[in-house]
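Coordinate inspection notes
The primary structure of each chain is shown beneath.
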Amino acid sequence: MKLGRTYLLNVENVTPHAHPIHLHGMNFKAISSNKREVQPLVSDTYLVLPDEKVQLALVADNPGDWVFHCHIIEHQKTGMTGYFRVT
Ligand SMILES: [Cu+2]
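A few points on the structure. As the structure is a prediction and not an experimental result, all values here were calculated from the model.

This paragraph deals with the coordination of the copper ion. For the copper ion, the full set of protein donor atoms is His-19 (ND1), Cys-70 (SG) and His-75 (ND1), at a range of 1.9 to 2.0 Å. In the primary structure, the donors to the copper ion are separated according to the pattern H-x50-C-x4-H. Of the two residues, His-19 sits in strand β2 (residues 19-23) while Cys-70 sits in strand β7 (residues 64-70), which places them 51 residues apart along the sequence. For the residue pair His-19 and Cys-70, the accessibility class agrees, reading buried in each case.

So, in structure tokens, the structure goes:
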């Protein structure tokens, strides 16, 4: 991500489980969901429901490598972990 740019993350949960998706280093706002009305609050975590597609908006305002992962440790350790690089 380019420092200072705005990004829209399209997150889709194709599993039968809810996943509390958490981002380090930056905050986002949930913009829309196909499952429910979203509250436009600034947060670093969003509980993605089964079959939910959610759009998370953020400004890449913090340079570095920032982990993006499910907060259920078994999910995080078995692959639901990645990172964003902001430069
Ligand atoms: Cu999970």
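Back to the write-up after that little detour.
The strand order across the open sheet built from 4 strands is β5-β2-β7-β8, with neighbouring strands paired in antiparallel fashion. Each edge of the sheet is formed by a strand with only one pairing partner; in this case those strands are β5 (45-48) and β8 (81-86). Pairwise comparison of adjacent strand axes, ignoring direction, gives a mean angle of 20 degrees for this sheet. Taken together, the 6 bridges between β7 and β8 define a ladder with antiparallel strand orientation. Within the sheet, the bridge partner assigned to Val-67 lies in β8 and is Tyr-83.

The next point concerns the pattern of salt bridges. Side chains that differ in sign of charge can pair as their charged atoms come close. Counted by the stated rule, this structure contains 2 salt bridges. Notably, a salt bridge pairs Arg-36 with Glu-52, separated by 3.2 Å at the nearest N-O pair. Of the two residues, Arg-36 sits in the loop between β3 (28-33) and β4 (42-43) while Glu-52 sits in the loop between β5 and β6 (53-59), which places them 16 residues apart along the sequence. On the accessibility criterion, Glu-52 (0% relative accessible area) is buried. Measuring nitrogen to oxygen at the nearest pair gives 2.7 Å for the salt bridge that ties Arg-85 to Asp-65. Of the two residues, Arg-85 sits in strand β8 while Asp-65 sits in strand β7, which places them 20 residues apart along the sequence.

What counts and what doesn't
- Residues numbered from 1 in each chain as written.
- Predicted model: local features only at pLDDT ≥ 70, side-chain atom pairs only at ≥ 80, totals over all residues.
- Heavy atoms only, no water.
- Donors = N, O, S within 2.8 Å, 3.2 Å for Na, K, Ca; no water.
- Helix = DSSP H or I, 4+ residues; strand = E, 2+ residues; numbered from the N terminus.
- Buried < 20%, exposed > 50% of the residue type's maximum accessible area, 1.4 Å probe, protein only.
- Pairing = 2+ DSSP bridges.
- Axes fitted to C-alpha atoms, helices over the stretch in contact; angles between N-to-C directions.
- Salt bridge = Lys/Arg side-chain N within 4 Å of Asp/Glu carboxyl O.

Keep in mind these numbers describe shape, not what the thing actually does.
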